[in-house]
Amino acid sequence: MKLKSILSALILAALPANVPASATAQNLYAPVIEINNSAVTRFEVEQRAAMLRLIGTIGDVEKQALKDLIDDRLKLQAGRAMGLGVTAEETTAGMAEFAQRANLTSEQFVEELGKAGVYAETFVDFVDAGLLWRKVIQFRFQSKAFITEAELDTAMALGTTALSASVLLSEIVVPFTPETEAD
């Protein structure tokens, strides 16, 4: 991540000061936005947009891609701040889990992405951000998810009380006349 930022900064520093704005805008590795010293490049936005199109996202996929990449940067920063990370095994399992939603293996999914011009790294970054955020949420709220014995006993006691309502058909009276037949 830092290497990308350094490379982007070096590329920008190497550009002459009188380069037209249109030439800089065409630089795929120029930062589009910076989030807490972490740049999102045009290349990343285009890659994410292509992936979103492939998985059927509707609407303005460029705008959605940028929003998602900003969110991903914030999620990654939150995870790192908590000392969390994602292992290679977790990434592999996450890729397989996501690909399974399309009834594909992760290899088949990556191959389909490649056909659309999307690099495997784009998919890996997407999966890693989601997995790390899952860990952040678990870490943050796990203590609130534990149920005490007393809470369990109370819930079980409430569950044994059967509340039911019954209606006897003999009590329902529906007038049937030619005028109310349609009702």
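Quick rundown of the overall build of the protein? Include the residues and the values.
The number of helices and strands found in the protein is 8 helices and 2 strands. The 183 residues of the protein split such that 22% are buried. Taking as baseline every contact in the protein between residues at least 6 positions apart, the subset at least 24 positions apart corresponds to 61%. Carbon and sulfur atoms make up 61% of the accessible area of the protein, which totals about 13,000 Å².

Tell me what's going on with the confidence of the model for the protein, and back it up with residues and numbers.
Averaged over every residue, the pLDDT of the protein is 82; the share at 70 or more is 77%. The low-confidence segment residues 1–24 (pLDDT under 50) makes 20 contacts with residues lying over four places distant or belonging to another chain.

Mind laying out the packing of helix α3 (residues 42–54) against helix α4 (residues 61–81), listing which residues take part and the relevant values?
Contact geometry of α3 with α4 gives a least axis separation of 8 Å together with a crossing angle of 115 degrees. Judged by the inter-axis angle, α3 sits roughly perpendicular to α4. When the axes of α3 and α4 are compared, the crossing they make is right-handed. Residues R42, E44, V45, R48, A49, L52 and R53 of α3 pack against V61, E62, Q64, A65, L66, D68, L69, D72 and R73 of α4.

Explain the nonpolar core to me, and be specific about the residues and the numbers.
Note on soluble globular proteins: their nonpolar side chains tend to be buried together. Ranked by size, the top nonpolar core spans 11 residues in total: A50, M51, M95, F98, A99, F109, L113, V118, F123, V127 and L131. Taken together, the elements giving at least two residues each to this core come down to α3, α5 (88–100), α6 (106–115) and α7 (120–145). Setting aside its immediate chain neighbours within four residues, V127 contacts T91, G94 and M95. Formed by 8 residues, the second largest nonpolar core is a distinct cluster that contains I35, V45, L52 and A65.

Break down the side chain of R48 for me, with residues and values.
Here R48 shows up in helix α3. Here R48 falls in the buried class, since its relative accessible area comes to 2%. Excluding residues that lie within four positions of it along the chain, R48 makes contacts with A65, D68, L69, D72, T122 and F126.

Before we move on, could you go through the packing of aromatic side chains and cite the residues and values that matter?
Remark: the centre distance and the inter-plane angle together describe each pair of aromatic rings, the angle taken between the planes. Going through the model one piece at a time under the given rule, you end up with 6 aromatic pairs. Where Y29 meets F43, the ring centres are 5.3 Å apart and the plane angle is 35 degrees; that geometry is what we call tilted. With a gap of 14 residues between them, Y29 in the loop between α2 (21–25) and β1 (31–35) and F43 in helix α3 connect regions that are remote in the sequence. According to the relative accessible area criterion, F43 is partly exposed, its value standing at 21%. Relative to Y119, the ring of F43 lies with its centre 5.8 Å away and its plane at 45 degrees, an arrangement referred to as tilted. Placement of the pair is F43 in helix α3 and Y119 in the loop between α6 and α7, with a sequence separation of 76 residues. Taking the relative accessible area as the measure of exposure, Y119 reaches 48% and is therefore partly exposed.

How would you explain the packing of α5 against α6 if you had to name every residue and give the values?
Contact geometry of α5 with α6 gives a least axis separation of 8 Å together with a crossing angle of 75 degrees. The orientation of α5 relative to α6 falls into the category roughly perpendicular. Contact with α5, carried on its side by M95, A96, F98 and A99, involves S106, F109 and V110 of α6 and no other residues of that element. Partitioned by chemical class, the residues of the contact of α5 with α6 number 6 nonpolar, 1 polar and no charged.

About the thresholds
- Residues numbered from 1 in each chain as written.
- Predicted model: local features only at pLDDT ≥ 70, side-chain atom pairs only at ≥ 80, totals over all residues.
- Heavy atoms only, no water.
- Helix = DSSP H or I, 4+ residues; strand = E, 2+ residues; numbered from the N terminus.
- Buried < 20%, exposed > 50% of the residue type's maximum accessible area, 1.4 Å probe, protein only.
- Contact = heavy atoms within 4.5 Å.
- Areas by Shrake-Rupley, 256 points an atom, 1.4 Å probe, with all protein chains shown as cover.
- pLDDT = per-residue confidence, 0-100.
- Axes fitted to C-alpha atoms, helices over the stretch in contact; angles between N-to-C directions.
- Parallel < 35°, antiparallel > 145°, perpendicular 65-115°, else oblique.
- Left-handed = near helix turned anticlockwise from the far one by under 90°.
- Core = buried A, V, L, I, M, F, W, Y, C linked by side-chain atoms within 4.5 Å.
- Phe/Tyr/Trp six-rings, centres within 6.5 Å; stacked < 30°, edge-to-face > 60°.
- Nonpolar A, V, L, I, M, F, W, Y, C, P; charged D, E, K, R; others polar.

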